[in-house]
Amino acid sequence: MSTSLYPLQGDGRNPAIEVIGIRNNPSDQFANEGEEGNQISEDQEDKLIIILKVVEGQQLNNVYLIGQQGARLGRHSASNDIVISESFVSRKHCEISHQDGSFYLKDLGSTTGSFLMIRDKITLGEGMMFQMGLSEFKVTMLSKNMELNIFEGPSRNQRILVTSTGLQIGRDPANTFCVAEDTQMSNFHAKVQFDPSTGTYVLEDVGSTNRTWLRLSNEGERSTNHELSLSDIIKIGSTVFLVQQIRKVSDSGNMPIINSNHRSMNLEISDCDYQSNKELIDSLQEQEAQLSPSKNKSNLCSICYTRTGNIALITCGHSNFCFYCSEKFSDCPVCRAPIIAKIKIFK
């Protein structure tokens, strides 16, 4: 899936935008000066792109625009379109592909796994895997009950029987299953409940700090395709990507990946031969202009990474939560202090 790059000009202080996939042939650009060369034919079909923003990790604030040609992600620079130079990332870790109007994430048999944040309740099934803190669980469905096998973390090799009464998981002894040694797990992290109407078990995060993550496949095994949606959050090693936009452009034949550090958006767009590219970058500039450079990370809710974190908790004072997430817990997810009140703060 390797693709030639057509870099756009940066501002001299931050990495230039690199384009992997809107058809971007420099020779075509200068072949027809004037309006005719910039016109998009009426019968040209709109194409989709997906925009990923790094919200945690070494590439913080980098933004990747990926067209329908897709992209591979991994540690090895010669094999991947997006290179993540971390020891816990495999040489060929995962890929993003486009099919039938949707984008998909697929693990390519990595060692440490590719993860999607669990934002809502999900139904558990045979062989599904999820991560809480340092602990990773695998589901085994029994005739009437369910079993969780812990294959990573301080409680490794333990098996937990889950009955219709459900299960609460966290570091606090009040949980049905306590993992006190897992320093990355919240005191009350997640719960598994039985749904009698469907006869299934449902997993739900209860406002944990480090969230609960769906692992796509076993170590060394390729996963199936997992469809990506707006505001999905992907974790690869210690790098966390937010699906910032999925949108149409007027042309994307071999859409480049555009890799840009949005802390500086003084971009030249002379290498874009279609007006749609200019409109796309202008849209991103406008979106990023709403956040000052110092607020790009700190202004986001530390739970969902998508909404503004402008709620502080009383009495402990911990902040950086959005209103929607703050309504989900009665105790602070950081220190577990009871919440007496919530106030809106202005940064």
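Residues numbered from 1 in each chain as written. Predicted model: local features only at pLDDT ≥ 70, side-chain atom pairs only at ≥ 80, totals over all residues. Heavy atoms only, no water.

### Here we look at the overall build of the protein chain
Phase 1 of the analysis: Assigned secondary structure in the protein chain consists of three helices and 25 strands.
Phase 2 of the analysis: By the burial criterion, 47% of the 347 residues in the protein chain qualify as buried. (Helix = DSSP H or I, 4+ residues; strand = E, 2+ residues; numbered from the N terminus. Buried < 20%, exposed > 50% of the residue type's maximum accessible area, 1.4 Å probe, protein only.)

### With respect to the sheet that holds strand β20 (residues 226-227)
Phase 1 of the analysis: The five strands are arranged β6-β5-β7-β8-β20 in an open sheet whose pairing can be described as mixed. Taken across any chain shown, the strands that pair with only one partner, and hence form the sheet edges, are β6 (82-83) and β20.
Phase 2 of the analysis: Note that strand β5 (residues 71-74) and strand β7 (residues 94-99) share three bridges and pair antiparallel. When the sheet's bridge partners are listed, A71 is paired in β7 with I96. (Pairing = 2+ DSSP bridges.)

### Quick look at the pattern of salt bridges
Phase 1 of the analysis: All chains considered together, the criterion is met by seven salt bridges.
Phase 2 of the analysis: The residue E95 makes a salt bridge to R72 at a minimum N-O spacing of 3.5 Å. Residue E95 is located in strand β7, and its partner R72 is located in strand β5; the two are separated by 23 residues in the primary sequence.
Phase 3 of the analysis: Close ionic contact of D232 with R119 constitutes a salt bridge, the shortest N to O distance being 2.9 Å. On the criterion of sequence distance, the pair formed by D232 in the loop between β20 and β21 (233-236) and R119 in the loop between β9 (114-117) and β10 (122-123) is long-range, its members being 113 residues apart.
Phase 4 of the analysis: On the basis of relative accessible area, D232 is assigned to the buried category, the value being 11%. (Salt bridge = Lys/Arg side-chain N within 4 Å of Asp/Glu carboxyl O.)

### Description of the confidence of the model for the protein chain
Predicted coordinates in regions of low pLDDT should not be interpreted in detail.
Phase 1 of the analysis: Looking at the protein chain as a whole, its pLDDT mean stands at 78, while 72% of the residues score no less than 70.
Phase 2 of the analysis: Across residues 262-276, where pLDDT falls below 50, the model places 47 contacts with residues more than four positions away in sequence or in other chains.
Phase 3 of the analysis: Long-range and interchain partners of residues 291-296, a stretch whose pLDDT sits below 50, account for nine contacts in this model, where long-range means more than four residues apart. (pLDDT = per-residue confidence, 0-100. Contact = heavy atoms within 4.5 Å.)

### Overview of the pairing of strand β22 (residues 239-249)
Phase 1 of the analysis: For β22, the buried fraction is high: eight of the 11 residues fall into the buried class.
Phase 2 of the analysis: Bridge count for strand β3 (residues 47-56) against β22 is nine bridges, and the pairing is antiparallel. If you follow I51 over to β22, its bridge partner there is Q245.
Phase 3 of the analysis: Examined bridge by bridge, β21 and β22 share four bridges and lie antiparallel to one another. Residue pairing for β22: I233 is matched across the bridge by L242.

### Digging into the nonpolar core
Side chains that are nonpolar tend, in soluble globular proteins, to be buried together.
Phase 1 of the analysis: Counting residues in each nonpolar core, the largest one holds 22 residues, and the members touching the most others are I96, I234 and F241.
Phase 2 of the analysis: Broken down by element, this core gets its largest block of residues, four residues, from β3.
Phase 3 of the analysis: Formed by 21 residues, the second largest nonpolar core is a distinct cluster that contains I118, L124, V139 and V162. (Core = buried A, V, L, I, M, F, W, Y, C linked by side-chain atoms within 4.5 Å.)

### Digging into a positive patch on the surface
Phase 1 of the analysis: A cluster of basic residues, R75, R91, K92 and R222, forms a positive patch at the surface.
Phase 2 of the analysis: Checked against the element boundaries, R91 lands in the loop between β6 and β7. (Patch = residues over 30% accessible without salt bridge, like charges linked within 9 Å, V, L, I, M, F, W, Y side chains within 5 Å. Areas by Shrake-Rupley, 256 points an atom, 1.4 Å probe, with all protein chains shown as cover. Lys, Arg positive; Asp, Glu negative; His and termini not counted. Charge placed at Lys NZ, Arg CZ, Asp CG, Glu CD.)

### Details of a nonpolar patch on the surface
Phase 1 of the analysis: Residues I314, I340 and I343 make up a contiguous nonpolar surface patch of about 270 Å² in total accessible area.
Phase 2 of the analysis: Tracing the chain through its elements places I340 in the loop between α3 (323-326) and β25 (341-344).
Phase 3 of the analysis: Given the relative accessible area of 64%, I340 is considered exposed.

### Describing the environment of A180
Phase 1 of the analysis: For A180, the position within the fold is in the loop between β16 (177-178) and β17 (190-195).
Phase 2 of the analysis: Considered as a pair, A180 and G170 are 10 residues apart in the sequence and their alpha carbons are 7.4 Å apart.

### Quick notes on the sheet that holds β10
Phase 1 of the analysis: Strand order in this open sheet of five strands is β10-β18-β17-β15-β16, and the pairing throughout is mixed. At either margin of the open sheet sits one strand with a lone partner, and together these are β10 and β16.
Phase 2 of the analysis: Pairing of β10 with strand β18 (residues 200-205) involves two bridges; the strand directions are antiparallel. Residue pairing in the sheet places T123 in a bridge with V202 of β18.

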